[in-house]
Amino acid sequence: MDSAIFFNQLFAGLSTASILLMIAAGLAIIYGSMGVINLAHGEFVMLGAYATWALQTFFGLGMLISLPLVFVAIGAVGWLIEKGIVSRLYNRPLDTILATWGVGIVLQQAITLGIGSQSRFVQRPEIFDGNLFFGDLVISNYRLFILGVSLGMLLVTYLLLTRTEFGTKLRAVIQNREISECYGIRAERVYGLTFAYGAALAGIAGALVTPLISTTPTMGTTLVVDAFLVVIVGGVGSLVGTALASGLIGEASAMLSMIFNDTTGRILLLVAIILLIRFRPTGLIPQTVRG
Amino acid sequence: MSIENFGKRDDVAVMEAFVLKRRTFLKNASVLGAVTTTGLFAPSILRTVKPAMAQGADLPVGLLFSLTGSVAVVEKTLHDASMLAIEQINDEGGVAGRKLNPIIEDPASDPATYADRARRLVIRDRCISVFGSYTSASRQAVLPVVEQRDNLYWYPTLYEGRECSRNVMYGGAVPNQQQQEFVPWLAEKHGKRFYLIGNNYVYPREENNVCKILLDRLGGEAVHEEYVPLGHSDFSSVINRIRAEKPDVVFCTLVGDSDVAFQRQFHAAGFDPAETPVASLTRSEIEVQAMGGDAAAGHYSSAPYFMSYQSPENEAFVKAYQDKYGSDAVTHFVSEAAYFQVFQFKKAVEKLGDQELTAPAIRDASVGVSVVAPQGEVVIEENLHTSLWPKIAQWNGDGQAEILVQSDDRVSPVPYWAYEGSTCTAEGLKRA
C-alpha cells in the first residue's frame, strides 16, 4: 500500500518535471544564448494553447496534427517579436525585461479582448485516453506521452545545438558576437531564429499541457513562474542543468506533497530553492563559457 | 437626517467628486460654487442640482463587475445578467416610471480598485445601490465604503456566511442552504467517508466546517481535508492520495481554473463517478463547459439554480440571455442571482412609493420582498440574505445538469449556522 503511493508519487513527480522541462527549455535557450530574460514566455505558452484550441474548434484538427502547425505559428510570432522589439534592445538588458513584460501584457489582453476571458476546452488525443496499471501503480497514458515528448524535445534541442551548422554558429555567437560576425556569421539572423525556436517550444508546451488544466488568457503567468524557478536552480542558460532542475523540482514537490500536503510542499520547496541560491547562486550547472 | 447635516455631507461629496473626475471640472466647479455660496443657507437649492434624486429623472445604479483581469471570466457573465435585467425593466417602463441608468465601472479584479470604484459610484455618481462582484475579497473591500456612506451593495454570489452587514443584500446561498440537504443525501447514497478538497482561503474552510459538523451528526467522517493554493493546477499528488484513501465522496470546494484542472485530471485518472463521485459546491455550467462535459459527467453539484431547470421563468431567462449574448452563452447560479437581484431592487423601490428614495429606505423596504426568479420564488429575509430553493444535480455528458432533488420548501439563510450563539438579525449580529 505505502509503496504504491510512493511509486505513484514518483511518477507524478516525473510528470510534473516533464511539463516544467518543456516550458523551461525555451526560456533557458533564449536566456542562455541571447541574455534576454523573456517575461513574455508564459504568453507564448498561452498562445500555443489557444492555437490548439482554434485549430480544434474551427478546423476540427486533432492535437497531434496541430502540433507542427502550432510549432510554426508560435515560432513565427516569436520571430516577429524578436525582429520588431527585442533586437533593438540587445545592449540594454534591463529594458528587455520591461519590453518583454509589456509584450506579455499586450498578448494576454489581445486574447482577452479578441477571444474572451472565459476558459476554453481543448480535447486531448483520444488514443492517449486511459491508464496503464501495474498492480497498484497507475500511469496515465497522456502523461506518459508528455514525458516522451519532452525528452524528445530535449534530445532534439541538444542535437540542434551540438550537431548542426546552426548550432555551431549559435555557440560561436554566444562566445563572441563581434568575432563571429567577422567570420561572416549573421548574428542577428541567428538570434532571430533562436528566439523563434524558444517561443515555438513554449507553444508546444502550451498545446500539450492545456488538456490537463484549463485554457485561459492568464494561464501562462502561473506556469512561467515555475519555469523561472527551474532555470534559476539549473543554472541560467544550461540545457542539462534545466533538465536536471526540472527533475529535481518535480520530484521534490511530489515527495513533499506526499509527506505534508500541496500547500506546505510548495512552501518548503520555495524555501529550499532560496537556500540553494544562497549557497550556489549560479545554479546547479552554471554556464562555463568564456565571456 | 437633519437639514444641516444634509448640507455638510453634500459639500464633502461634491468636493470628492470634484477631485475624482477632472474632465467635468467646469460642471462640478459650478456645483461647488453653488454649494459654497448658497449651500449652508439654502439647502433646498441643493436638491435641484442633484439629478439623481430629482423626481422623474433616471435612477442611477452602479454596476461593479470586473470586465478585465483574472475574475473577469465569471464577473463578465454577472455583468451581462444584470444588464439584461436592467434592459428588460427599462423596456417595460422602468421602476415606478423612472428608467434605471446603469453606471458601469471596471474594478479590474483588484480589491483596492473595487473600493475605489465603489466610492466613485456612491459619491460622484450618487448611485442609490451598487450591484457587484464575485469574490469575498472584493465584497470585503467594498464593505467599508457602503457602510460608511450607508449605501446598499447587492452581492449575488454564494459565500461562506459569517457576515451580517446592514448594507449588503446577499443574493447567493450561504453554507447551510447548499449543504443541509446535500451532505445527508450524499452520505445515504454513497457513504459517510468524505475527502475534503478546496482552495486555500476562507470560503472552502468555512464550507468544510459546516460539512464536518453535518458529517459528525450523521456518524460520518472526513478522512482527509486539504487545501491547495488558488490557481493550483497540478493535482497528481491529490489524486494519488484519493486513490489511497478510497473515500466514498470527494467533497470539492475548488474554484475556477483549479476546479477545471482537478476534474480533468481526476477523470483522466480513470475514477468511476458511481464509486467515487465528486460533490461540488462551486461548480456551475461555466466550469463544466471549460472542463468538457465528459469529465464532469456523473458527478454532483448543489446549487439553487441550474440552467436546465424547468420553469417558465427560467425558459424566458435563458432565451433572453442567449438572444442577447449568443446561443452558446450559459447561465449559472451566480448569474441567475445577479439577474433576480435587479428585480428585487425594483420591487423594493416601488414599495417605497412617494417616500424619499435613499439606500437605507430601499433596504428596509426590501425585507419580505418576493420575486419569482428562474429558480423559483425567492424572498429577502430580515437578515438581508435570501431564502432560496437548493437543488441537487448530476452532470450529464452534454455539459448540462440533471436535477435529482429539489427541496420541498424554500431554505432560509443562516449565515452563522456553524457558530452557535451568533445570529444575524434585523439589528445586525447578535451574540448570545
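All of these numbers come straight from a predicted model, not from anything done at the bench.

Another point: the domain arrangement of chain B. Residue and element names in this part refer to chain B. Domain assignment breaks chain B into domain 1 (51-173 + 332-387) and domain 2 (176-303 + 390-431). Its C-alpha centre places domain 1 at a distance of 28 Å from the equivalent point of domain 2. Contact with domain 1, which involves 23 residues of that partner, is made by 27 residues of domain 2. Here domain 1 packs against domain 2, burying approximately 2,200 Å² in sum over the two surfaces, 63% of which is carbon and sulfur. The three residues of domain 1 that bury the most area against domain 2 are Glu160, Arg162 and Phe333, which together make up 28% of that side's buried surface.

Residues and elements named next belong to chain B. Strand order in the open sheet formed by 7 strands is S7-S6-S8-S9-S10-S14-S15, with mixed pairing between adjacent strands. Strands with a single pairing partner mark the edges of an open sheet, and in this sheet they are strand S7 (221-228) and strand S15 (401-406). Across the sheet, the axes of successive neighbouring strands diverge by a mean angle of 25°, strand direction being ignored. Where helix H11 (residues 256-268) meets the sheet, its contacts fall on strand S6 (193-199), strand S8 (249-253) and strand S9 (278-280), and the angle it forms with S8 comes to roughly 160°.

At the junction of the two partners, chain B supplies 30 residues and chain A supplies 30 residues. Summed over the shared surface of chain B and chain A, the number is 2 salt bridges. Remark: the boundary between chain B and chain A carries 16 residue pairs in polar contact (both at pLDDT 80 or more). Sorting the residues of the side of chain B that touches chain A by element identifies helix H4 (72-91), S7, helix H10 (236-245), H11 and helix H12 (285-291) of chain B as the ones contributing at least two each. A per-element tally of the side of chain B that touches chain A places H10(B) first, with 7 residues.

Let us now look at the side chain of B:Glu336. Residues and elements named next belong to chain B. With respect to the element layout, Glu336 can be found in helix H15 (residues 333-352). The side chain of Glu336 is buried and forms no salt bridge, while Lys391, the nearest opposite charge, is found at 6.8 Å. Discounting residues that sit within four places of it in the chain, Glu336 has contacts with Tyr305, Phe317, Ala373, Pro374 and Gln375.

Before going further, it helps to spend a moment on the packing of aromatic side chains. With the rule as written, the count across this model stands at 25 aromatic pairs over all chains. Ring geometry for A:Phe6 against A:Phe7: centres 5.4 Å apart, planes inclined by 75°, an arrangement best described as edge-to-face. Measuring from ring centre to ring centre gives 6.1 Å for A:Tyr50 and A:Trp53, while their planes differ by 75°; the resulting arrangement is edge-to-face. Placement of both A:Tyr50 and A:Trp53 in helix H2 (residues 41-59) is noted, with a separation of 3 residues, approximately one turn of the helix. Assigned by exposure class, A:Tyr50 and A:Trp53 land together as buried. Feature note: the residues B:Tyr305, B:Phe317, B:Tyr321, B:Tyr325, B:Tyr339 and B:Phe343 constitute an aromatic cluster, connected by ring pairs. The cationic tip of A:Arg278 hangs over the ring face of A:Phe279; the distance from NZ or CZ to the ring centre is 4.9 Å. Lying across the ring of B:Tyr155, B:Arg139 places its NZ or CZ 4.8 Å from the centre.

This part takes up H4(B). Residues and elements named next belong to chain B. For H4, with 20 residues, the first-to-last C-alpha span of 27 Å sits near the 28 Å given by 1.5 Å per residue. Burial analysis of H4 places 16 of its 20 residues in the buried class, the great majority of the element. One or two residues past the end of H4 sits Gly93, with phi positive at roughly 100°.

All names here are of chain A. Turning to its location among the elements, Leu147 is positioned in helix H5 (residues 141-163). In this structure, the C-alpha to C-alpha distance between Leu147 and Thr16, residues 131 residues apart in sequence, is 9.0 Å. When neighbours within four sequence positions are excluded, Leu147 is seen to be in contact with Leu14 and Ser18.

Glancing now at a nonpolar patch on the surface. Residues and elements named next belong to chain A. The grouping of Ile267, Val271, Leu275 and Phe279 at the surface amounts to a nonpolar patch, some 420 Å² of accessible area in total. With respect to the element layout, Leu275 can be found in helix H11 (residues 262-279). A relative accessible area of 48% means that Leu275 is categorised as partly exposed.

Further remarks concern the pairing of strand S2 (residues 137-140) of chain A. All names here are of chain A. When strand S1 (residues 131-134) meets S2, the two strands line up antiparallel, connected through 4 bridges. Across the sheet, residue Leu132 finds its bridge partner in S2, namely Ile139. In this structure, the hairpin formed by S1 and S2 is closed by a connection of 2 residues, where Gly135 is found at a positive phi of approximately 60°.

All names here are of chain B. On the basis of which strands lie adjacent, the open sheet formed by 3 strands has the order S11-S12-S13 and antiparallel pairing. Two strands in the sheet have a free side with no partner beyond their single neighbour: strand S11 (370-373) and strand S13 (386-387). Looking at chain direction, S11 and strand S12 (residues 376-380) are connected through 4 bridges and run antiparallel. Bridging from a neighbouring strand, Val371 pairs with Val378 of S12. Here H15 sits on the sheet and contacts S11, S12 and S13; the angle it forms with S11, its principal contact strand, is near 145°.

Rules used in this analysis
Residues numbered from 1 in each chain as written. Chains lettered and ligands numbered in written order. Predicted model: local features only at pLDDT ≥ 70, side-chain atom pairs only at ≥ 80, totals over all residues. Heavy atoms only, no water. Domains from an automatic or database assignment. Contact = heavy atoms within 4.5 Å. Buried area = accessible area lost by both parts, 1.4 Å probe. Pairing = 2+ DSSP bridges. Helix = DSSP H or I, 4+ residues; strand = E, 2+ residues; numbered from the N terminus. Axes fitted to C-alpha atoms, helices over the stretch in contact; angles between N-to-C directions. Salt bridge = Lys/Arg side-chain N within 4 Å of Asp/Glu carboxyl O. Polar contact = N/O pair within 3.5 Å; in protein donor to acceptor, adjacent residues only side chain to side chain. Buried < 20%, exposed > 50% of the residue type's maximum accessible area, 1.4 Å probe, protein only. Lys, Arg positive; Asp, Glu negative; His and termini not counted. Phe/Tyr/Trp six-rings, centres within 6.5 Å; stacked < 30°, edge-to-face > 60°. Lys NZ or Arg CZ within 6 Å of the ring centre and 35° of its normal. Expected span 1.5 Å × (residues − 1). Patch = residues over 30% accessible without salt bridge, like charges linked within 9 Å, V, L, I, M, F, W, Y side chains within 5 Å. Areas by Shrake-Rupley, 256 points an atom, 1.4 Å probe, with all protein chains shown as cover.

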